[in-house]
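Spelled out from the first residue to the last, the chains are:
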Amino acid sequence: MGGELGSRVAQLLEERREIDEIAGADFVPPRRRLQRSRFRRIDPRQRSLLAQYVADARPTAICHLGVYEPFARSGPRSAAPRTSTGTIAALGGAVRCATVDRVVVRSGIEVYGRGPDQPSIPDESAVPAPGSPFGRSLLEVERLAADFGAGTGARVCALRFAPVVAPHVPSPLGRLLRLPLVPVSALSDPAFCVVHVEDAAHAVVAALLAGCKGPRNVVGTGAASVWQAVRLGGRVPLPIAGPIAWAGARQIALLAGSPVPAHLEELLRRGRTADGARAHEEMALGTMRHAQEVLAEVFEWASVTPLRRAQAVA
Amino acid sequence: VNSPRAAASFGIDLDRVGRLENLRDGLRRRLAGRYPVDAFGADPAFQDLVLGPLAPLLSVEVTGPVPPAGPAVIVADEGPARLAGPALVLAIRRAHRRRVRVCGYPDVVLLADVCRRFGFVRHRADDLASVLRAGHLAVVLRRDDDEVDARMLTPAVEHLVLPAVVRFGIVHARPGISVVVGEPLPGWAPGDPLAAPDLVAALRARLAALRVEQVDGAPVVSLPGR
């Protein structure tokens, strides 16, 4: 509940009168103002504390959005343990109280990977074959949640989001695209999908209320290519080819304050798309923001406004 | 890929060819990144920029029922020079103002990316299924005269399937492309496990008949004004 997505989901749930009580936890305080939600600051790696908190809350539904993308809010070493331990703790606490009838977990289309045997635009029937540590971490979350559903009979839905971006959302993709020079593949210009954090939050609430079961892809409308995304922000694409050049580009980007994790490099070199038609129809998601609109918004993030001494105007 | 017109933006439709803009505006739009791209990597603004000036150089004749909108599959022979795919892209664009999605492109660096920009997708059943779900007109090319992969055509059984013969020669007294599209094959009930093999058998017969009708192997000669 501390991140952009979790706090927005909490706000949307607060607006619904049929929801009696909302409780959440995260290792950072909520980024938005919450009115009637209870929040407790717990690092997901504090497994017993988190499990006890969930068990004490006796929830009937769980939104587990505690998936930590490397170099977003967590470093690459802490992201995977936070994700897996947090999932085990949250679902373990739910097992103890045995009151949960539905669960929505956050996953991502990184689970599909971009190998030559994978479909270009996978739908939910495609077999996941993640090609990055983050993709494997997401798939583990899905498996833990599926095991929980099989054991308790709860309806479990894994929402596989396209990269969630928005102006203030910490994301390695958004950060990289804001660099003045952006490394891109010289050999291809693959397409990728994104989803705006607001659309993602609405999808979580819709999935929770609809009681969806199984995985669902949640992608924004349309797609953009990597070169196009760079030019939309007026940045300069820097064509890169070959593993040595990419390794160099990763180091330079790291020094520039925008590390490139493996799943982001995969996106830049092979693209990342998925078919979100099923979720769109079942959950009545309405009009979602177009990829280019979302990317343009990322670039419109206001630059630093210097504070000036007040001037006499009269 | 939420709707057939999901990426229709910047005034350019992903499925239909609209009014062509001038080269200067097109290049300016490209430099600013303001052009639509779909999830397959198709780039209609790029297609218009390249194929727009190229299309009038070739004479094109397309006969038969090509649907003006909605998902459908055209099945044709790839031919020895493997030019049927690009020929169908050009011919249907010119005659019916639709952008087709050809299944299959050479897996060669750079060339594959260019093909994707022109609307080519991989020769895979799941990619064909995605194309049809998005409401596009797909083209599946037979690599061997006697063989159409039933697994490849499984997603097509619930859609309009049209056999076609592509020929090169003199059309309207100019070098060109002639495409004869046959009548649509009968539809099969959803979930019928034998639908794809039946479709393959029907296609084989229909394509053979179409080839005989068009005098197999002879160059197209069509008089001006026909």
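Please refer to the structure placed before this passage.
Residues numbered from 1 in each chain as written. Chains lettered and ligands numbered in written order. Predicted model: local features only at pLDDT ≥ 70, side-chain atom pairs only at ≥ 80, totals over all residues. Heavy atoms only, no water.

So, the overall build of chain A
This is how the line gets drawn: Working definition: helices are DSSP H or I runs of at least four residues, strands are E runs of at least two. Numbering for both runs from the N terminus. Here the globule rule is a power law, 2.2 Å times the number of residues to the power 0.38, and the radius of gyration is based on C-alpha atoms. Here the term buried applies to any residue with accessible area under 20% of the maximum for its type, exposed to any over 50%, and partly exposed to those in between, with areas from a 1.4 Å probe on protein chains only. Here, residues are in contact when the closest pair of their heavy atoms is within 4.5 Å. Using a 1.4 Å probe, accessible areas were evaluated by the Shrake-Rupley method; residue-level cover was limited to the displayed protein chains. When charges are counted, Lys and Arg are positive and Asp and Glu negative, with His and the chain ends excluded. Every charge is mapped onto a representative atom, which is NZ of Lys, CZ of Arg, CG of Asp or CD of Glu.
From N to C terminus, chain A includes eleven helices and twelve strands. Taken over the C-alpha trace, chain A has a radius of gyration of 20 Å; the compact-globule value for 314 residues is 20 Å, and the two agree within 12%. Taken along the three principal axes of its C-alpha coordinates, chain A extends 70 × 55 × 35 Å. Each of the 314 residues in chain A was classed as buried or not, and the buried ones make up 59%. Intrachain contacts of chain A at a sequence separation of at least 6 include 77% that bridge at least 24 residues. Surface exposure of chain A reaches about 13700 Å², of which carbon and sulfur atoms provide 53%. Between the centroid of the 38 positive side chains of chain A and the centroid of its 29 negative side chains there is a distance of 7 Å.

Re the environment of Thr 87 of chain A
All names here are of chain A. Here Thr 87 is to be found in helix α3 (residues 76–97). Note: C-alpha distance between Thr 87 and Val 169 (82 residues apart in sequence) is 22 Å. Filtering out sequence-adjacent residues up to four positions away, Thr 87 remains in contact with His 64, Gly 92, Val 141 and Leu 144.

Topic: unusual backbone geometry
Of all residues except glycine, most have a negative phi; of all peptide bonds, most are trans. Of note, Phe 71 of chain A is a non-glycine position whose phi angle comes to about 65 degrees, a positive value. With respect to the helices, strands and loops of the structure, Phe 71 of chain A is situated in the loop between β3 (61–64) and α3. Exposure remark for Phe 71 of chain A: the relative accessible area of 24% places this residue in the partly exposed category. Positive phi outside glycine occurs at Leu 110 of chain B, with the angle close to 70 degrees. As for its placement among the helices and strands, Leu 110 of chain B is situated in the loop between β3 (100–103) and α4 (111–117). Judged by relative accessible area, which is 47%, Leu 110 of chain B ranks as partly exposed.

Notes on the sheet that holds strand β4 (residues 102–108) of chain A
Residue and element names in this part refer to chain A. For clarity, the threshold we go by: A pair of strands is treated as paired once DSSP finds two or more bridges between them. Axis definition: a line fit to C-alpha positions, over the contact stretch in the case of helices; interaxial angles, taken between N-to-C directions, run 0 to 180 degrees.
On the basis of which strands lie adjacent, the open sheet formed by four strands has the order β3-β4-β5-β10 and parallel pairing. The open sheet has two free edges, formed respectively by β3 and β10 (214–218), since each of these has just one partner strand. The average angle at which neighbouring strand axes cross in this sheet is 20 degrees, direction not considered. Bridge count between β4 and strand β5 (residues 155–161): seven bridges; the pairing is parallel. Looking across to β5, one finds that Val 104 is bridged to Cys 157. Relative to the sheet, helix α6 (residues 197–210) contacts β3, β4, β5 and β10, its axis offset from that of β5 by approximately 160 degrees.

Thoughts on helix α3 (residues 84–96) of chain B
Residue and element names in this part refer to chain B. Stated formally: To estimate how far a helix should reach, multiply one less than its number of residues by 1.5 Å.
Taking 1.5 Å per residue as the helical rise, α3 with its 13 residues ought to reach 18 Å, and the 17 Å between its terminal C-alpha atoms agrees with that figure. Along α3, the residues classified as buried are Ala 84, Gly 85, Ala 87, Leu 88, Val 89, Leu 90, Ala 91, Ile 92 and Arg 93. Of the residues flanking the end of α3, it is Arg 97, one or two places downstream, whose phi is positive at about 55 degrees.

Points about the pattern of salt bridges
Let me state the cut-off plainly: Here a salt bridge means any side-chain nitrogen of Lys or Arg lying within 4 Å of a carboxyl oxygen belonging to Asp or Glu.
The tally for this structure, following the rule as stated, stands at 33 salt bridges over all chains. Glu 282 of chain A is the partner of Arg 216 of chain A in a salt bridge, and the nearest nitrogen-oxygen pair spans 2.7 Å. You can see Arg 216 of chain A sitting in strand β10 and its partner Glu 282 of chain A sitting in helix α10 (residues 277–282), a full 66 residues away along the chain. Overall, the relative accessible area of 5% leaves Arg 216 of chain A in the buried class. For Glu 282 of chain A, a relative accessible area of 40% corresponds to the partly exposed category. Among the ionic pairs, Arg 82 of chain B bridges to Glu 78 of chain B, the shortest N-O distance being 3.7 Å. On the basis of relative accessibility, which here comes to 12%, the residue Glu 78 of chain B falls in the buried class. Through salt bridges with shared partners, a single network forms among Asp 189 of chain A together with Arg 30, Asp 43, Asp 113, Arg 116 and Arg 117 of chain B.

Re the packing of aromatic side chains
Applied cut-off: Stacked, tilted and edge-to-face are the three classes applied to pairs of Phe, Tyr and Trp rings, where Trp contributes its six-membered ring and a pair requires centres within 6.5 Å; stacked means planes under 30 degrees apart, edge-to-face means over 60, and tilted covers the rest. Two thresholds decide whether a charge sits over a ring: the Lys NZ or Arg CZ must be within 6 Å of the ring centre and within 35 degrees of the ring normal.
For the structure on display, the rule yields two aromatic pairs over all chains. Between the aromatic rings of Phe 27 of chain A and Tyr 68 of chain A, the centroid separation amounts to 5.5 Å while the plane-to-plane angle is 65 degrees, which identifies the pairing as edge-to-face. Taken as a pair, Phe 27 of chain A in the loop between β1 (22–26) and β2 (37–41) and Tyr 68 of chain A in the loop between β3 and α3 lie far apart in primary sequence, 41 residues in all. With relative accessibility at 6%, the residue Tyr 68 of chain A sits in the buried group. Aromatic pair Phe 46 of chain B and Phe 118 of chain B: ring centres 5.3 Å apart, planes at 55 degrees, arrangement tilted. Of this pair, Phe 46 of chain B sits in helix α2 (residues 44–54) while Phe 118 of chain B sits in the loop between α4 and α5 (125–133), and the two are 72 residues apart along the sequence. Residues Phe 46 of chain B and Phe 118 of chain B agree in their burial class; the two are buried. Its end group placed over the ring of Tyr 35 of chain B, Arg 30 of chain B keeps NZ or CZ at 4.1 Å from the ring centre. The ring of Phe 46 of chain B carries Arg 117 of chain B above its face, with NZ or CZ at 5.6 Å from the centroid.

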